[in-house]
Amino acid sequence: MADTNGARLPDEIRDAIDALRPRYPTEEALLLPALHLAQRHWDGWLPDEAIEAVAHELNLTPAKVYGVVTFYDLYHQKPVGRHRLRVCTNLSCALRGAEEVLASLKNHLQVDENEVTPDGKCSFVHFECLGACEQAPMMMVDDDYRGHLTPESVRQIVEELD
Amino acid sequence: MAYEPVLLRHVGHPEVRTVAGYRERGGYRGLEQALTMEPDEVIEAVKDSGLRGRGGAGFPAGLKWSFIPKETDQPKYLVCNADESEPGTYKDRILMEEDPQQLIEGCAICCYAVSANTCYIYIRGEYVEQAEILEEAIRDAYQAGVLGDSVMGKGFKLDMYVHRGAGAYICGEETGMLESLEGKRGQPRIKPPFPAVVGAFGCPTVINNVETLCNVPHILERGADWFKQIGTDERNTGPKLYCVSGHVERPGTYEYPIGATLNQIIEGCGGMWRGRQLKAFIPGGASAPMLPAEFADTPLDFDNLAKAGSMLGSAAVVVMDDQTDLVRSVYRLAKFFNHESCGQCTPCREGTNWAELVLKKIVAGNGKPGDDELILRICRNMGGTTLCPLADAAVGPLRSLVQNFPDEVRAWLDSDGALTPARQYFSEGVTV
Ligand SMILES: Cc1cc2nc3c(=O)[nH]c(=O)nc-3n(C[C@H](O)[C@H](O)[C@H](O)COP(=O)(O)O)c2cc1C
C-alpha cells in the first residue's frame, strides 16, 4: 500500500462512503463521490491531507487520486472563499452580457480569479456553460443558480452574502 | 395548430415528483404496459417508433438496445447520460426538475428491455439541486415498489443510483463517462469494443441521454404508430425539446414536434430580442456548424440539418442578432473546446489550442490575410483523426465561420486593429 502519510478521513465521511459501497462493483468507483464528500468537509477544497486520506480509504495510490483531482474543474487544490462564485461566460451568456458581469464582479471584489478576498468571504472564476442559458447571464453562488444578472445585480448579490 | 406537449406536460405540477402525484396525472402506464410484454417486444416497439438519440448523435435507440448480448452471465447496465455540458443545452435539467419520475420510468423500461438490473444516472456535478431532486424521487420510487427487488411486483429487480460528475465536458462523451463512473480521469476509450459489449465495469452497457429515455414511456403507453406521426418523416419522429438562448425575447426550453423551423421557434419565444434582425444561429449546441439566416425555414431535424451542413446535436438553438460579432462568438467557443479537450489525442490537444490562439490574435486586431485559410488547415488536421468526436465538434463552429461567413472574418483581417464599438462586446449595448 502506498504511503499516505497517516492521513485519515473523519468518521462521518467514512460512514457516508461505506453507505455508498453497495452501489458499485469496484472500490475505485467511489472515488468521485468520496472526493465530493471530502471537499465539502475541507471547506470547499482538497488539501494534500484530504487527497491522501481518500487514497488510503479506497486503497488507491495518492498519485492516482491526484490524477483524478486535476482532471475535473469542480475539485480545487487551493483554498477557496467561504462563497464560491462561478460566472458562466460561454456563448449564450456572453451574448447577453456575461463579460460585463464578470468585469463588474472582479472590480467589486478587487481580487483576481481563483484568489480569495482578504476577509475570506469570496472567490470567483469564469466558467464554461452551466446549463441555464434561459437565465443568461448567470452564475453559480455555491450550489445555487442565480440568473438574469446585470453588472449592478451581481454586486448586490455579493453584498447580501454573509 | 395546437400541439399538446408530451415531455413537458407536467411543467408547473410539482406534485409529479412523487410516484403518487405522477400516477395521479397518468404516469407509470408505460412501465405497466412494458412489464406485460416480453423484453424483446419492448425493444421492437422502440425500434418501430423511430426514436433517435437526443444526446447528439441521433442513433436509433431501439437498435442500440438490441446490441446488448442476450446470452451472457455478466451483469448489464444502463447509464443515463445527464452530463448535459454542450454549451447552450439545458433541456435535461428541465426534464429532471419538472418530471423526475418520467425519467425513472424511461430508465426502468430500458432496463427491463435489455435485462439490466442496475441503472446509474450520471449527472454533471454542477447540477446539485437536480441531483437532490432525483435522489428524492428515486427514494420515493423504491418506497412505492417501482424500484427494488420486484419492480411493480412483477419480479424484475432494478436498482437505480445517481452518480455526480465533477465538471468536465468530455464526460458527456459516452466512454469518457464510463471512465469517470469507474473513478478515473474521463478520457474516452478506443472503440470497438462498443459499450454494448464492453461498457461499465467491463460489462454490456446501454448509454442513453435523459431526453431519449423520457420519450420511452410514451411510446409504450400510446404506441409506436402514435409516436411516428409526430415529426417530419419516418426518420425524424417524436416530440423534441429545443433550448433557445441568445437574442430572443423569451429564451427557454420549448417542445415541438421534431422538425420545427427557426422562424417558428423564434416566434414562440416572443420574437427577436428588441426587434432586431437575425444574422446567424447555431441549431444544435456549440459543436453544430453555425448557419446564416437563410436557413430560418429549414426544419430542425436530424436529416434536414445534415443536408444544410449542420446538425441537430443537442438542439440547443443559439440565436444571434445583426449586431453580433461572429468571430468573437466563435473565439469564445474555441476557448471552450481548448479548455475541454482531454489532451489524450495530439491533433485535438494541439488543434484546439491553435484554433484559440489564431482567433485570439484576430480579435486583438492582429489578423493577417491568409488566417482564414489557416483556420481551415487546422480543421483539416483535427477532423476525423482522434479517438472521440470532440475534435470534430471543435471543427464545427470554426469551419462554418470561415465557410458560411467569409466576410465577417475578412472584415477582421482587414481591420488593422481598429475595433468598432460593436466589436468590443458580443452584441452592442447588451446590458443597456
Ligand atoms: C464531446 C462530447 C460530449 C458529449 N456530451 C453529451 C452530453 O452532455 N449529454 C449526452 O446525452 N450526450 C453527450 N454526448 C453524446 C454521447 O457520447 C452519446 O452519444 C449519447 O449519450 C448517447 O445517447 P443517445 O443515443 O440517447 O443520444 C457527447 C459526445 C461528445 C463527443
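Treat the numbers as computed from the prediction; the structure is a model and nothing was measured.

S.K.: Talk me through the overall build of chain B; I want residue IDs and the actual numbers.
M.R.: Looking only at helices and strands, chain B features 17 helices and 11 strands. For chain B, the C-alpha radius of gyration of 22 Å lies close to 22 Å, the compact-globule estimate for 432 residues. Seen through its principal axes, chain B has C-alpha atoms that stretch 75 × 45 × 35 Å. Here chain B, with 432 residues, has 57% of them falling under the buried criterion. Intrachain contacts of chain B at a sequence separation of at least 6 include 71% that bridge at least 24 residues.

S.K.: Account for the sheet that holds strand E1 (residues 83-88) of chain A, with residues named and values stated.
M.R.: Across a sheet, strands are paired by hydrogen bonds formed along the backbone, either parallel or antiparallel in direction. All names here are of chain A. Across the sheet, which stays open at both edges, the 4 strands sit in the order E2-E1-E3-E4 with mixed pairing between neighbours. Two strands close off the open sheet at either side, each with one partner strand: strand E2 (122-127) and strand E4 (144-146). On average, adjacent strands in this sheet sit at an angle of 25° to one another, irrespective of strand direction. Bridge count for E1 against strand E3 (residues 139-141) is 3 bridges, and the pairing is antiparallel. Residue pairing across strands places Arg-86 opposite Met-140, the latter belonging to E3. Of the strands in this sheet, E1 and E2 touch helix H6 (residues 98-109), which is tilted by about 155° from E1.

S.K.: Residues and numbers for helix H13 (residues 326-340) of chain B, please.
M.R.: Here H13(B) spans 21 Å end to end across 15 residues, near enough to the 21 Å set by a 1.5 Å rise per residue. The buried fraction of H13(B) amounts to 13 of the 15 residues, a majority that puts the element mostly inside the structure.

S.K.: How would you sum up the packing of helix H14 (residues 346-366) of chain B against helix H16 (residues 390-404) of chain B? Please name residues and give values.
M.R.: All names here are of chain B. Following both chains from N to C, one finds H14 and H16 inclined at 20°, their axes separated by 10 Å at the closest point. The angle between H14 and H16 places the two elements in the roughly parallel class. Both H14 and H16 take part in a crossing whose hand is left-handed. Where H14 abuts H16, its residues Pro-347, Cys-348, Gly-351, Thr-352 and Ala-355 lie against Leu-390, Ala-391, Ala-394 and Leu-398. Of the residues belonging to the contact of H14 with H16, the class tally is 7 nonpolar, 2 polar and no charged.

S.K.: Could you give an account of the interface of chain A and chain B, with specific residues and numbers?
M.R.: Taken residue by residue, the interface counts 38 residues in chain A and 49 residues in chain B. Secondary-structure elements contributing two or more residues to the side of chain A that touches chain B are helix H2 (31-41), helix H4 (62-71), helix H5 (91-94) and H6 of chain A. Considered class by class, the residues forming the side of chain A that touches chain B number 21 nonpolar, 8 polar and 9 charged.

S.K.: Talk me through the sheet that holds strand E7 (residues 239-246) of chain B; I want residue IDs and the actual numbers.
M.R.: Residues and elements named next belong to chain B. Pairing is mixed across the open sheet formed by 5 strands, whose spatial order is E8-E7-E11-E9-E10. Strands with a single pairing partner mark the edges of an open sheet, and in this sheet they are strand E8 (252-257) and strand E10 (291-292). Bridge count for strand E9 (residues 278-282) against E10 is 2 bridges, and the pairing is antiparallel. Directly across from Phe-281, in E10, lies its bridge partner Leu-291.

S.K.: So what about the domain arrangement of chain B? Which residues, and what values?
M.R.: Residue and element names in this part refer to chain B. In terms of domains, chain B is made up of domain 1 (14-228), domain 2 (235-321) and domain 3 (326-423). The gap between the C-alpha centroids of domain 1 and domain 2 is 26 Å. With 18 residues of domain 1 at the contact, the number on the domain 2 side is 18 residues. For the side of domain 1 that touches domain 2, the elements supplying multiple residues, two or more each, are helix H5 (91-98), helix H9 (210-222) and helix H10 (224-228). Residue composition of the side of domain 1 that touches domain 2, by class: 5 nonpolar, 8 polar and 5 charged.

S.K.: Account for the site of the ligand, with residues named and values stated.
M.R.: Residue and element names in this part refer to chain B. Around the ligand lies a shell of 24 residues, among which Gly-53, Gly-55, Gly-172, Asn-209 and Thr-212 are the nearest. Of all elements in the fold, only strand E4 (205-209) and H16 reach the threshold of two or more residues within the shell around the ligand. Broken down by element, the shell around the ligand gets its largest block of residues, 3 residues, from E4. Within the shell around the ligand, the residues separate by chemical class into 9 nonpolar, 9 polar and 6 charged. Both domains that furnish three or more residues to the shell around the ligand are identified here as domain 1 (14-228) and domain 3 (326-423).

Basis of the calculations
- Residues numbered from 1 in each chain as written.
- Chains lettered and ligands numbered in written order.
- Predicted model: local features only at pLDDT ≥ 70, side-chain atom pairs only at ≥ 80, totals over all residues.
- Helix = DSSP H or I, 4+ residues; strand = E, 2+ residues; numbered from the N terminus.
- Rg over C-alpha atoms; globule rule 2.2 N^0.38 Å.
- Buried ≥ 20, exposed ≤ 12 C-beta atoms within 10 Å, placed from the backbone.
- Contact = placed C-beta atoms within 7 Å.
- Pairing = 2+ DSSP bridges.
- Axes fitted to C-alpha atoms, helices over the stretch in contact; angles between N-to-C directions.
- Expected span 1.5 Å × (residues − 1).
- Parallel < 35°, antiparallel > 145°, perpendicular 65-115°, else oblique.
- Left-handed = near helix turned anticlockwise from the far one by under 90°.
- Nonpolar A, V, L, I, M, F, W, Y, C, P; charged D, E, K, R; others polar.
- Domains from an automatic or database assignment.
- Near = placed C-beta within 6 Å.

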